[in-house]
Amino acid sequence: MINFQAIKTIYLFEMARMKRTLGQSVASPVISTSLYFVVFGSAIGSRINEVEGVSYASFIVPGLIMLSVLTNSVTNASFGIYLPRFAGTIYEILSAPISYVEILIGYVGAAATKSIIVGTLILATATLFVDLNIQHPFWMLFFLFLTSITFSLLGFIIGVWADNFEKIQIIPLLVITPLAFLGGSFYSIKMLPPLWQKISMANPVVYLISGFRWSFYNTADVSLNVSLIMISLFLIVCLATVRWIFKTGYRFKS
Amino acid sequence: MKNNSIIEIKQLCKTYAGGFKALKSVNLKINKGEIFALLGPNGAGKTTMISIICGISNPSEGQVTVGGHDILSDYKKTRSLIGLVPQELNTDAFESVWNTVCFSRGLFGKKPNPQYIEQLLKDLSLWDKKDNPMMTLSGGMKRRVMIAKALSHEPEVLFLDEPTAGVDVELRKDMWQQVRKLREAGVTIILTTHYIEEAEEMADRVGVINQGELILVEEKDQLMQKMGSKKLTIELSENHQKLPSSLSSFNLELNKNILTYNFDSKKEDSGICSLLEELVKNNIRFNDINTQKSSLEEIFVALVHKQ
């Protein structure tokens, strides 16, 4: 029997943590995104021609949302599971009648929810600066959900792997943010020299942003199918890693 | 006896990744409704054993059942029966007492029950602290919250891992009272401690564990009786070098003016009368007489050292 009560308890506990750190969780991504709009969209963007038939300020909207969703998912989920490990309160979760899958749903579900909220807030903020006309709203939501869940899974893995706060910070800072910046948040991959275009193809974030941007403006760096396959692959890798963690009890149980 | 046991541990072994053997084939049955004290020095394997039963650690070998269910294949059932108060005071610093206790109940899959939690907090004298964040509480109060968390889902078995470590005397007495109340309500209690006093005060049965081996399990009273020899100390009026030969039939030790006589109080004739008569006959005068029963602590030290 599924312990729904426990899933709900973990989920609500994590959401309450977000409420407590409202400034950190919500205000900071909204403010930093607004700054990007001012600097890139208005100041620099006014001197850049349209990209792929879209004004530059509008062009960067999907990339900016992805940038925040990626870092938020990873940070939220990694902190969510790392904090009880760090504080020692994990004993209670391990001794409760909960399966690993239920633990995962609680933590990853809450982290993904937060990211989706942040993504939606940024989208709302963006409408204050630019006119948005979303071509494929269903696909837009689909990408938003899938990305939030996938990267929350990645965050969960990092939170299980990390044994100090530095490791928790280092992945979003040194891996996710650079990948997101180089993944075409602020430019189209097609604007790069051929060699760099090829190198960029190794960056998984390119496919995410490309697919997400396609749902907004119907233009993409890579085809929709390739984007979908790449995200699914990444999701499968994360799920397999989580499965391995649970099977071996890695960093959970001695 | 068999139907009466709530926990059965069979040949339980635990070897940690580094090769350290924390438990070496432990067999133990815990009876329903009893208070069982698990005694042992630091690092003896007490916490390891509890961690395995509660699901925090994996067993290397052996089997454990709780309420007839296997702890691995039927973990949801066994864990629902168990409440655990761990040794360390690990809490969510920013959460209020009320929230953290309700969180525990939810984790165990129980529907919220504010009346029950209210009564629980009142019983543990935590009611006026219910809205305080955990980090503002004293160590003793935190310990109470840990107990409230463990009891939040109405468990049938309660593990108390060193419940009174670092707790002042008054609070300790208070907790003993709480534990007795729980037993009256039908909760089985397993407590680990290295305060022998605690086991002596509370336990129905005592298990002694040392270096991963359960070296003894006994009814506390029987244990005290069996191993409890008595000692008579006589303070003589003056120093003596030697005792008269008529006293040689007694098991005596003489150190200057202190004469000690070890005897078994359970025997029909303890020999005290004849000893005193002999002393008077030989004109050995004494100022004071004192008898002592060996405590569980002495029994324990003797057992552990014998190993």
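**Comments concerning the overall build of chain B**
Helix and strand counts for chain B stand at ten helices and 14 strands. Scaling as 2.2 N^0.38, a compact globule of 307 residues should have a C-alpha radius of gyration of about 19 Å, whereas chain B reaches 24 Å, well beyond that. With the principal axes as the frame, chain B shows a C-alpha extent of 80 × 45 × 40 Å. Out of the 307 residues belonging to chain B, those deemed buried represent 48%. Sequence-distant contacts, at least 24 apart, represent 68% of the contacts inside chain B between residues at least 6 apart. Accessible area of chain B: about 15,100 Å², with a carbon and sulfur share of 46%. Each charge class in chain B can be summarised by its mean position, and for the 39 positive and 40 negative side chains these summaries are 4 Å apart.

**So, the packing of helix H6 (residues 137-161) of chain A against helix H9 (residues 204-217) of chain A**
All names here are of chain A. Relative to each other, H6 and H9 sit at 155°, their axes nearing to 8 Å. Relative to H9, the element H6 is oriented roughly antiparallel. Crossing geometry of H6 relative to H9 is assigned as left-handed. Counted together, Trp139, Met140, Phe143, Leu144, Thr147 and Phe151 of H6 and Leu208, Gly211, Phe212, Trp214, Ser215 and Phe216 of H9 form the full contact between these two elements. Looking at the contact of H6 with H9 residue by residue, the class counts come to nine nonpolar, three polar and no charged.

**Comments concerning the domain arrangement of chain B**
Residue and element names in this part refer to chain B. According to the domain assignment, chain B consists of domain 1 (2-225) and domain 2 (230-306). Each of domain 1 and domain 2 has a C-alpha centre, and these two points are 42 Å apart. Across the contact, 14 residues belong to domain 1 and nine residues belong to domain 2. Contact between domain 1 and domain 2 buries roughly 1,000 Å² in total, counting both sides, with carbon and sulfur atoms accounting for 84%. Linking domain 1 to domain 2 there are zero salt bridges. Taken together, the connections running from domain 1 to domain 2 amount to zero residue pairs in polar contact (both at pLDDT 80 or more). Elements supplying a minimum of two residues to the side of domain 1 that touches domain 2: helix H7 (196-202), strand S9 (205-210), strand S10 (213-219) and helix H8 (220-227). In terms of residue class, the side of domain 1 that touches domain 2 is made up of ten nonpolar, three polar and one charged.

**Some remarks on the packing of H9 of chain A against helix H10 (residues 224-248) of chain A**
All names here are of chain A. Contact pair H9 / H10: the axes reach a minimum separation of 9 Å and the direction vectors enclose 130°. Classified by the angle their axes make, H9 and H10 are oblique. You can see that H9 and H10 cross each other, and the crossing is left-handed. Packed against H9, whose contacting residues are Tyr207, Leu208, Ser210, Gly211 and Trp214, the element H10 presents Leu224, Val226, Ser227, Met230 and Ile231 at the interface.

**Structural notes on the interface of chain B and chain A**
Accessible area lost during the coming together of the parts is what is often quoted as the interface size. Tallying the contact residues gives 29 residues for chain B and 24 residues for chain A. Of the roughly 2,400 Å² buried at the junction of chain B and chain A (both faces included), carbon and sulfur atoms supply 56%. Sorting the residues of chain B by area buried against chain A places Lys76, Phe103 and Leu107 of chain B first, and these three jointly supply 27% of that buried surface. At the surface where chain B touches chain A, the tally comes to three salt bridges. The partner of Glu102 of chain A in a salt bridge is Lys76 of chain B, with the nearest N and O atoms 2.6 Å apart. Between chain B and chain A we count nine residue pairs in polar contact (both at pLDDT 80 or more) in total. Counting only elements with at least two residues in the side of chain B that touches chain A, the list comes to helix H2 (75-81), helix H3 (97-107) and helix H5 (139-151) of chain B. For the side of chain B that touches chain A, a count of residues per class yields twelve nonpolar, nine polar and eight charged.

**Description of the pairing of strand S3 (residues 35-39) of chain B**
All names here are of chain B. Within S3, five of the five residues are buried, which leaves it mostly tucked inside the rest of the structure. Burial along S3 is two-sided: Ile35, Ala37 and Leu39 facing one way and Phe36 and Leu38 facing the other are all buried. The sheet contact formed by S3 and strand S8 (residues 188-193) spans five bridges and is parallel. Bridging from a neighbouring strand, Ala37 pairs with Leu191 of S8. Taken together, the four bridges between S3 and S9 define a ladder with parallel strand orientation. Its bridge partner being in S9, Ala37 is matched across the sheet by Val206.

**Quick look at the confidence of the model for chain A**
Caution applies to low-pLDDT parts of the model: their predicted coordinates are not meant to be read in detail. On average, chain A scores 89 in pLDDT, and the residues at 70 or more come to 100%. Confidence scores differ between elements of chain A, with helix H2 (residues 22-44) of chain A showing the lowest mean pLDDT of 81 and H6 of chain A the highest of 95.

**Overview of a nonpolar patch on the surface**
All names here are of chain A. A cluster of nonpolar side chains, Val38, Val39, Ile44, Ile48, Leu128 and Phe129, forms an exposed patch at the surface whose accessible area comes to about 520 Å². When residues of the nonpolar patch are assigned to their parent elements, the largest contribution, three residues, is made by H2. Tracing the backbone through its elements, the reader meets Leu128 in helix H5 (residues 100-129). Here Leu128 falls in the exposed class, since its relative accessible area comes to 70%.

**What to know about the nonpolar core**
Among the nonpolar cores identified, the biggest contains 145 residues, and Phe156 of chain A together with Ile7, Met49 and Phe159 of chain B are the most heavily contacted of them. For this core, the leading source of residues is helix H3 (residues 56-87) of chain A, giving 13 residues. Two domains each donate at least three residues to this core, and these are domain 1 (2-225) and domain 2 (230-306) of chain B. The residues touching Phe156 of chain A, leaving out its near neighbours within four places in the chain, are Ala77, Ser78, Ile81, Leu104, Tyr107, Val108, Val242, Phe246 and Phe252 of chain A. Formed by twelve residues, the second largest nonpolar core is a distinct cluster that contains Leu236, Phe250, Leu252 and Leu279 of chain B.

Parameters at a glance
Residues numbered from 1 in each chain as written. Chains lettered and ligands numbered in written order. Predicted model: local features only at pLDDT ≥ 70, side-chain atom pairs only at ≥ 80, totals over all residues. Heavy atoms only, no water. Helix = DSSP H or I, 4+ residues; strand = E, 2+ residues; numbered from the N terminus. Rg over C-alpha atoms; globule rule 2.2 N^0.38 Å. Buried < 20%, exposed > 50% of the residue type's maximum accessible area, 1.4 Å probe, protein only. Contact = heavy atoms within 4.5 Å. Areas by Shrake-Rupley, 256 points an atom, 1.4 Å probe, with all protein chains shown as cover. Lys, Arg positive; Asp, Glu negative; His and termini not counted. Charge placed at Lys NZ, Arg CZ, Asp CG, Glu CD. Axes fitted to C-alpha atoms, helices over the stretch in contact; angles between N-to-C directions. Parallel < 35°, antiparallel > 145°, perpendicular 65-115°, else oblique. Left-handed = near helix turned anticlockwise from the far one by under 90°. Nonpolar A, V, L, I, M, F, W, Y, C, P; charged D, E, K, R; others polar. Domains from an automatic or database assignment. Buried area = accessible area lost by both parts, 1.4 Å probe. Salt bridge = Lys/Arg side-chain N within 4 Å of Asp/Glu carboxyl O. Polar contact = N/O pair within 3.5 Å; in protein donor to acceptor, adjacent residues only side chain to side chain. Pairing = 2+ DSSP bridges. pLDDT = per-residue confidence, 0-100. Patch = residues over 30% accessible without salt bridge, like charges linked within 9 Å, V, L, I, M, F, W, Y side chains within 5 Å. Core = buried A, V, L, I, M, F, W, Y, C linked by side-chain atoms within 4.5 Å.

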